[in-house]
Amino acid sequence: MPGSSRLPVSLRDTFSAHRGSPRGQLAVLNIEVLVANVNNNNRLRNIVFILFLLRWSRILFYQLKGRGIFGSLSDLYVAVRRYLYGVFLRLPGVRDKVQTQVSESLLKLERKLVPSGPGIERVTALPSTGWSTEEVSKKLNELAAMEHTRWEDGRVSGAVYHGGDDLIRLQTEAFGKFTVSNPIHPDVFPGVRKMEAEVVAMVLSLFSAPEGAVGVTTSGGTESILMACLSARNKAYAERGVTSPEMILPETAHTAFRKAGEYFKIKIHLVPCKAPHYKAHLPSISRLINPNTVLLVGSAPNFPHGIIDDISGLSKLAVRKRLPLHVDCCLGSFIIPLLPKAGFDFEPFDFRLKGVTSISCDTHKYGFAPKGNSTVLYRSDAYRKYQYFISPDWSGGVYASPSIAGSRPGALIAGCWASLMAQGENGYVDACHKIVGGMKKIESAIRENPALNGDLKVIGRPLVSVVAFHSPSLDIYDVADGMGKRGWHLNALQNPAAIHVAVTLPIVPVVDDLVRDLVEVVEEVKESERRRIAEGKGAKGAVKGDTAALYGVAGSLPNKSVVVDLAKGFLDTLYKV
Ligand SMILES: *Cc1c(COP(=O)(O)O)cnc(C)c1O
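Source: prediction; values computed, not measured.

Listed under "modified residue: N6-(pyridoxal phosphate)lysine" (unreviewed entry) in the UniProt record, and renumbered for this structure, are Lys365. Taking the relative accessible area as the measure of exposure, Lys365 reaches 15% and is therefore buried. Sequence-distant contacts of Lys365, defined by excluding residues within four places in its chain, comprise Tyr161, Cys330, Leu331, Ser333 and Lys371.

With that settled, consider helix H13 (residues 476–485). A large share of H13 lies buried, amounting to eight of its 10 residues. Of the residues making up H13, those classed as buried are Ile476, Tyr477, Asp478, Val479, Ala480, Asp481, Gly482 and Met483. Looking at the buried positions of H13, the neighbouring elements they touch are strand E11 (466–470), strand E12 (491–493), strand E13 (498–502), helix H14 (511–534) and helix H15 (546–556). One side-chain oxygen at the N-terminal end of H13 lies 2.9 Å from the backbone nitrogen of Tyr477; it belongs to Asp475.

So, about the environment of Arg530. Locating Arg530 in the fold gives a position in helix H14. Between the alpha carbons of Arg530 and Ser284 there is a distance of 42 Å; along the sequence they are 246 residues apart. In terms of polar contacts, Arg530 uses its side chain to reach the side chain of Glu523, at 3.0 Å.

Applying the stated criterion across every chain yields a total of one cavity of 30 Å³ or more. Roughly 30 Å³ of internal volume is contained in the largest cavity. Around the largest cavity sit Ala228, Ser231, Ala232, Lys235, Pro324, Thr357, Ser358, Tyr378 and Tyr383, which together line it. Counting residues per element, the ones that place at least two in the lining of the largest cavity are helix H7 (221–240) and strand E6 (356–361). Sorting elements by how many residues they give to the lining of the largest cavity places H7 first, with four residues. By residue class, the composition of the lining of the largest cavity is five nonpolar, three polar and one charged.

A few words on the site of the ligand. If you check the shell around the ligand, you find 13 residues, and the closest are Gly221, Thr222, Asp328, His364 and Lys365. Contact between the ligand and Gly221: an oxygen atom at 2.9 Å from a main-chain N or O atom of the residue. Across the complex, the protein chains shield 85% of the 380 Å² of accessible surface that the ligand would expose by itself. Broken down by element, the shell around the ligand gets its largest block of residues, three residues, from H7. Looking at the shell around the ligand residue by residue, the class counts come to five nonpolar, five polar and three charged.

Strand order in the open sheet formed by seven strands is E1-E7-E6-E5-E4-E2-E3, and the pairing between neighbours is mixed. Single-partner strands in this sheet number two, and they are strand E1 (214–218) and strand E3 (267–271). Ignoring which end each strand starts from, the neighbouring axes of this sheet average 20° apart. In this sheet, strand E7 (residues 374–378) lies alongside E6 in antiparallel orientation, the contact comprising four bridges. Directly across from Ser360, in E7, lies its bridge partner Val376. Of the strands in this sheet, E1, strand E2 (246–250), strand E4 (293–299), strand E5 (325–329), E6 and E7 are in contact with H7, which crosses E7 at around 25°. In the packing of helix H10 (residues 311–321) onto the sheet, the strands contacted are E4, E5 and E6, and the crossing angle to E4 comes to about 165°.

Our next topic: the side chain of Asp478. Tracing the sequence through the fold places Asp478 in helix H13. Residue contacts for Asp478: discarding those within four places in its chain leaves Val525, Glu529, Lys544 and Ala548.

What counts, and at which threshold
Per chain, residues are indexed from 1 in the order of the written sequence. For this predicted model, a pLDDT threshold of at least 70 governs which residues receive local features, and a threshold of 80 or more governs which side-chain atom pairs are given and counted, while totals over whole chains, interfaces and linings are taken from all residues. The side-chain numbers reported here are obtained from all heavy atoms of the structure, hydrogens and water having been left aside. UniProt positions are given in the numbering used here, feature names are shortened, and annotations may be inferred rather than shown by experiment. To sort residues, take the accessible area from a 1.4 Å probe on protein chains only and compare it with the maximum for the residue type: under 20% means buried, over 50% means exposed, and anything in between is partly exposed. Any pair of residues with heavy atoms lying within 4.5 Å of one another is described as a contacting pair. In DSSP terms, a helix is any run of H or I states spanning at least four residues, a strand is any run of E spanning at least two, and both are numbered starting from the N terminus. Each polar contact in these results corresponds to two N or O atoms within 3.5 Å; when the atoms are within protein, one needs to be able to donate a hydrogen and the other to accept it, and residues that are neighboring in sequence are counted only if both atoms are side-chain atoms. Put simply, the grid is 1 Å and covers the protein atoms alone, a cavity is a trapped set of points that fit a 1.4 Å probe, a pocket is an open set with protein on both sides within 12 Å along at least five of seven lines, and lining residues have an atom within 4 Å of a point. Grid points are joined across faces, edges and corners, and a volume is the space filled by probe spheres set on the points. All amino acids are sorted into three groups, where Ala, Val, Leu, Ile, Met, Phe, Trp, Tyr, Cys and Pro are nonpolar, Asp, Glu, Lys and Arg are charged, and the leftover types, Gly among them, are polar. If a single non-hydrogen atom of a residue is within 4 Å of a molecule or strand, that residue counts as near it. Under the convention used here, a 1.4 Å probe and the Shrake-Rupley method define accessible areas, while residue burial counts only the protein chains that appear. Two strands are counted as paired when DSSP detects at least two bridges linking them. Here the axes come from fitting lines to C-alpha atoms, over the contacting stretch only for helices, and the angles between their N-to-C directions go from 0 to 180 degrees.

In structure tokens, the structure reads:
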């Protein structure tokens, strides 16, 4: 092969042009070019093939390291089963049947959620002439009084985290004073800017933030979590060139992390949180770490079981692997940092652990701020700067915004600031006493009351506000439905099947009623199972309530596409007039 054959084609053409060669020579040269191209192509193909092999062996290596051979095989089995069941669900006969059932369920749901029939006014366009203030006000009263699950009587687990009627009045006053305000214009609304900075500072101090720690306020826990994940992803890209980011979550971590995975294209690895502790399994996390890992996550506590992960262990791992660690204290919010002051047991969870780089804390949960308030805190600006959005060359002017929203409600910040100031540390310590005390009452009833402790089992060792329980002997969802019939709205959980109570201030005064009803319901469910067995029908197959029907089916399906269809239909229903 002549040395020149390695030259790029364009260069070679210039060469031949220079030589002013006759036609025949040109043709030879062209053939030479062709041959060279083929050789180059071969070489290129080899390189591509080797890169391909390298890439896949790397992926395979980290898959095997992360999940082991048996774990990987089991992942494969689950994926194949899910795929095949998906094919089965799409078979002509099956598909129609499934769709009919989904539509029926959704119709039932719509009847429950969307009032209809004669006498129901429905607004589908602007009133051509605006209503009078009295008319609007009267209608607002009616809307507030629509028949609903009685959170006011403490019948709803979680959901309403309020700090009493005086606080609500104060919040409403704060809204009124800052209705038009928008923190995007700090010169126009200097008071809002000041309050926002002070809210962040107060929460930072509650979480033992070190010198140099920073934070922002957001619209809620989900946005706080999204921001922490975005920041971790952007940091890894900017500083380590990570283009296929991954993060490792305890399976009990709030699903907002999975939302972040979907929105920001971060691959999610889930780690089991098994009995008896129900904490994220550290060796599994350690094995899953690879060069693409951008964030480790722990909850303090998690939503399903109210369990605090081993944050100390996670912190050590994060330091060792030089990875950021986010601790989700959205739910723990103003309770977990005050457990020691209220005299309760606690486990370390905050910035005092060296590896903790960010924390989400919902002021709108146990901070009792109005809904639409949360904070995300960072150990230093080296993390926060990666969540900012800055657009220097927009025709609308230089634009900078700290989080997802552009314009934001200053009224909510005022409501949040007012709540924190009015409660004060003593107010929150007092609330912590009541709420954790209420949780412990339910926990010890389940552990110690002979009418409950045979059939219900507390999950792990809850230390904060949530107590979850499952049943080795009964369908726990029947218990949830039985409580539902008595006006209680408890949370249904899955994997494992369980329910939980997230104790809030409105629940505290009715905890004894809740335990009494729980005893009755357990007896009732046992009785009905006994009766069915006596009648020779078997305990299974009884007519099920809504929770049991949904989770009974959902739990047994290898492919959740039916559940996805139902849930999508649910969201659609929310927008029906
Ligand atoms: C409520 C909650 C969140 C999310 O908060 P939203 O304000 O509903 O977006 C996150 N993590 C935990 C543990 C929670 O309980």
